[in-house]
Amino acid sequence: MNGNSQKVNSPLIPFIPLPVERSASNHSISSTQSSVYSGLEDLSDMMCNMPEHGDPAQPLSTMSVGSSDSADSASPSSSWSSVLGKRKTEEPPDNSLSPRKSARISDANIKIHSIAHDRNLQAYFDNKKISFGVQWLIAKMVSYDVLAYEDINIPDLDKLRGTNEEATPHVAKVFACQNSKGEEEGFFVKEKAVLSPWKELDREHEHALAMGDSFDGFQRQADGWYGGKVHFGATLKAIDKKTRTPEYRIQLSPPELGSSSRLMRQYGSKNFLRVKVPRNILNKPQHGLVEFFSQHFLLCGLVYRAFYAKDGSVFLVATNYPTGCSRIPSHAHPPPPSLEDYLDWHNPIYYNTAQSVAKWSSRFALGLSNSVPGIIISRENIMYLKEEVKTDSCTKDPGGPDMTDGCGYINKIALKALRELLQWDTTPTAIQCRIAGAKGLLILHPDSAENCSDVPRVWLRESQIKVKYPETRKLSSGHLTIDVLRSSHMRSPSRLAAETIVNFAENGVPHSVFIDLMKEGLDAIVDGLLDWDGPDAMYRLWQSVARAGAVVGSRLAREAGGEARSRGFAIKDDDIEDDDEDDLNAVIEIPRSIAWWGDEVSGCPSSLEETVMVMLDSGFTPRDCPVLAEKLRNVLKTMVDHFVQRYRIEVPMSCVGWIVPDPSGTLAPDEVQILSKDSKFLCPDGTESNVVLGDVLVKAVEKPELRRYTDVIVCSVQGTRRFADLLAGGDYDGDKAIAVWQPSIVSHFQNADLKYSHPPDNFPENFHKNTLRVDDFLEQHQGCKFDDVIPRLQSFLLGGLRDISSVGKYSNLHDVAVYTLGYAHNETIRLAYMFCNILDGAKSGLTVLPEVMKSDTKLYHKRSPEWKECGEEKPETNEMNAQRPKGMKEFVMDAIMSHARNHRDLKLQLVDSAFSRHHGHRDSSLEKPWQDAESRLQRVKCNNEHAALTMEMELSKIRKHVEKMREEYRKSIRRSFSGLKIERRQDILRSLARDFSAAPDVSSFLFFSSEEVTRLKASYAYIHECPNFTGQFPWDVAMRELGMIKARSLGPSKTVALGFYERFVLTRAAFN
């Protein structure tokens, strides 16, 4: 059967055009409140068919309800419930479709879960052109039970008309009666732009309307804009009921601007919902999550369906499934597709039959990868390559014959176009990307003739193609765009994780090597931040703090938002799990800050490192400023603790980068090439070079044929085994490797026997494998309707929700086995392979047999070794940590932990000693503005007593305001303050800074301008706080002004715009 006949005749996946209107059917979904009002059936039908341009002010009493000859009039009222009519007193309220309930439509046996929806109110939303952003924020409050749809006053909706950007700020005022504090004009513009979704939603809506029938996604436009960057999220909450089947509700989150993905660019941001499932639910043995998420979900007039689950998140997509109204909501542009059309656009099941259903399901991750759209490659310029196959393959080799797995080519003109488009500093050697149905790396083509072409081309290998499309199908621009994840980069030196340290130690490297490296790293941190002597000392300190806190990269990443990864930026992250269960204020959309953004009103940064830098470049020093000294001390202690607790030991002579196959075929089986654009590699003789030569556990060489392949680790394609496969079963689709040429490590390291790179005999007997292939699945369901098949498909698509706890469990079991049995013990090896296979279980279809899980748990389930819990929150248990048997040699991590703690204590004593030598004193330069004003007052008194009274009154207003704000600060900043989430801390401090800045009203002042008042407030705040030398109040509310006072007191100074300042860097060459 050819592809076209399958497409037409199959009842499984009908291919129909996207409907703009929907007719009622026996599958339609009733209103969430439809059964509790009299006469509602006729009223609902009437409102679903309201004229779009009808008079919004028309009273409902003028509309016919019921039969034309006996229409009852509803009395005018502003409440939603009274507009619908009185409740039937004889009937109890029916909440069957409330946000906490599911309802079953008996005709189709379809379960519906209403997140937040009211069929009748939706008609008013549509008639009044209420934007989706406003509807989402209302639905968000409904999902938290803060608001009920029937309590909404219909006239209030007129206050919420307009675009998303215009209307959403009014939601809090209309429904919460809460006046959020206004922010001064010009402040927080960048911060708001990074995460505020409203303008972006408007752009998507306008684009969809403008494209009309020719709509083909929100792809990159001529001005650089592209869509799919607004994230609509939610959290699953368990309903505390003692029922046999767990019950859940979904609570919506504020939408945020973030990264984009191919599917979101094709169908639009608002058509996707990502539900976060807390770990405490995932870890329950009978959580029933697959069954729950197989329902239809009703939200804002649309039906959403779950289509993928991974890493504790479930992804839902809006569909055109009927809800009972004859037309889609006004916000639904473009109209959502049917679920079958959506699945077929990304991963057509009929053309991808030669694989398991589990693997087919896993391919939806490709469409959800965070990516940035690059250039479009026409279909005829997508070429296909044969794989490099090893010569002496053996059937027992799990690596397979593919020596180039996951890596294709791209020509120079295409890389240059990407560099220009994505604003990279240099043209990279390789990119990690998605194009059509392929994934992996594309490296510079080795043929110079191809690189002279002016036509962008890519070459793909069979191993890269994960989704196949029929040749007769016209692919959209979304398919043919190079979706860039990141470009090639290399970092040197690199850090060793605990797992790598254990491997090195078990293969011959003495413990003393790691202990010495740990001490050297700790010495470098402390000594660099305690170097305060010499003419360039403060410049060196500024640079050391910037480097230690990755400050410049974090600033750039915050501004880059969703493009941070593709542009190579790193950003500070908050590991505290978000839990707003009891924070009902978070339900209302009021201005909230973004983690680690500074306060532009006070000028005080958020992070300790940035605060130290701002104080240093204003002219303060740790010797003369107790507040700066205390903050620097906290930076030091935090860095020392993190260094010790995380065991991230830096190896000076090492690097980390992507591994790629040799495109020239010139490297011998035991050779690699490591070449950098810059001289960044430290050599054993103390010099720096751009190439690594010599022993890196294999031999590092330089080949003329590979001189263009920089910032990647080029591996040989010769021999009988893929080089990447020996590195924990890797390939070349974006895997990274650490190369080490540190003499103290490579001189002792002994390579392990290759037998350990093969799983144990009979290893598959530990698993049940779902081997159902796609073609068999289709044959089993031949003749079935799609709606009948989708629940079975969802059992695979949502496979990431099953057995999620096994991953963490087997990680712990392996740790315990390493510690108690030994690294090379057969059971330790087996458990390592168990963990790796479970990690990929959703794709492979493997699940651990219950009897195997039970046996392994009984034997190896113990509390983690003590070293593993260092720095982590201790579990609430009386169980002892796993103990190392006495007959075994000391474990390397135990040795490092013991020496690290002792060395940490010595360094912290040094820190305490350095700071104790410098006692606090008053900074006369900060007191001078207030003292000068008081002196002026005395001079005025001598000449004009009446004028002096006015001047004294103005100074008194300033004084009283500062003292009042100091008291407010004391009440707000309590002992528990540091335990709050960073965003909440920022919100509290910003509120205080705004209040401090806003008063007193200077419009009636005669003696002091607004600039002078700002300076006087800062100066008096310092004086008022001065008895407490380390008090934070003046700095938290007036950091910028205090810095300006200090800088001017030291001599010439320069005012710099914040955008310039945040890009300033100091390099080592700037000072001796």
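### Some remarks on the packing of helix H34 (residues 924-943) against helix H38 (residues 1033-1049)
Then step 1. For the pair H34 and H38, the least separation of the axes is 9 Å and the interaxial angle reads 95 degrees. In terms of orientation, H34 and H38 fall into the roughly perpendicular class. The residues of H38 that touch H34, namely those facing Ser-925, Leu-926 and Pro-929, are Trp-1035, Leu-1042, Ile-1045, Lys-1046 and Ser-1049.

### A look at the packing of aromatic side chains
Then step 1. Here the structure, examined in full by the defined rule, presents 31 aromatic pairs.
Then step 2. Look at Phe-996 and Phe-1033: their rings are 6.0 Å apart centre to centre, the planes differ by 85 degrees, and that puts the pair in the edge-to-face class. Separated by 37 residues along the polypeptide, Phe-996 in helix H36 (residues 982-998) and Phe-1033 in helix H38 bring together distant segments of the chain.
Then step 3. Among the residues examined, Phe-1033 registers a relative accessible area of 1% and is labelled buried.
Then step 4. Centre to centre, the rings of Tyr-1022 and Trp-1035 are 6.4 Å apart; their planes meet at 85 degrees, and the pair counts as edge-to-face.

### Looking at a positive patch on the surface
Then step 1. Residues Lys-412, Lys-416, Arg-419, Arg-707 and Arg-708 make up a contiguous surface patch of positive charge.
Then step 2. Relative to the assigned elements, Lys-412 resides in helix H16 (residues 412-422).

### Describing the nonpolar core
Then step 1. Phe-514, Ile-745, Met-893, Ile-896 and Trp-1035 are the most contacted members of the largest nonpolar core, which totals 98 residues.
Then step 2. Leaving out residues up to four positions away in the same chain, Phe-514 has contacts with Leu-496, Ile-501, Phe-504, Ala-505, Val-509, Ile-649, Val-892 and Ile-896.
Then step 3. Judged by nonpolar contacts, the second largest core, of 58 residues, contains Ile-482, Ile-674, Val-696 and Leu-706.

### Some details on helix H9 (residues 198-211)
Residues lying three or four places apart along an α-helix face the same way, a consequence of the helix completing one turn every 3.6 residues.
Then step 1. Taking 1.5 Å as the rise per residue, H9 with 14 residues should run 20 Å; its terminal C-alpha atoms sit 20 Å apart, in good agreement.
Then step 2. In the stretch just after H9, Gly-212 is the one whose phi turns positive, near 60 degrees.

### Here's the deal with the pairing of strand S21 (residues 671-675)
Then step 1. Burial analysis of S21 places five of its five residues in the buried class, the great majority of the element.
Then step 2. Here S21 runs beside strand S26 (residues 699-700); their pairing, made up of two bridges, is parallel. Within S26, the position partnered with Val-672 by the bridge is Ala-700.
Then step 3. In terms of strand pairing, S21 meets strand S27 (residues 712-715) through four bridges, oriented antiparallel.

Rules of the game
- Residues numbered from 1 in each chain as written.
- Predicted model: local features only at pLDDT ≥ 70, side-chain atom pairs only at ≥ 80, totals over all residues.
- Heavy atoms only, no water.
- Axes fitted to C-alpha atoms, helices over the stretch in contact; angles between N-to-C directions.
- Helix = DSSP H or I, 4+ residues; strand = E, 2+ residues; numbered from the N terminus.
- Parallel < 35°, antiparallel > 145°, perpendicular 65-115°, else oblique.
- Contact = heavy atoms within 4.5 Å.
- Phe/Tyr/Trp six-rings, centres within 6.5 Å; stacked < 30°, edge-to-face > 60°.
- Buried < 20%, exposed > 50% of the residue type's maximum accessible area, 1.4 Å probe, protein only.
- Patch = residues over 30% accessible without salt bridge, like charges linked within 9 Å, V, L, I, M, F, W, Y side chains within 5 Å.
- Areas by Shrake-Rupley, 256 points an atom, 1.4 Å probe, with all protein chains shown as cover.
- Salt bridge = Lys/Arg side-chain N within 4 Å of Asp/Glu carboxyl O.
- Lys, Arg positive; Asp, Glu negative; His and termini not counted.
- Charge placed at Lys NZ, Arg CZ, Asp CG, Glu CD.
- Core = buried A, V, L, I, M, F, W, Y, C linked by side-chain atoms within 4.5 Å.
- Expected span 1.5 Å × (residues − 1).
- Pairing = 2+ DSSP bridges.

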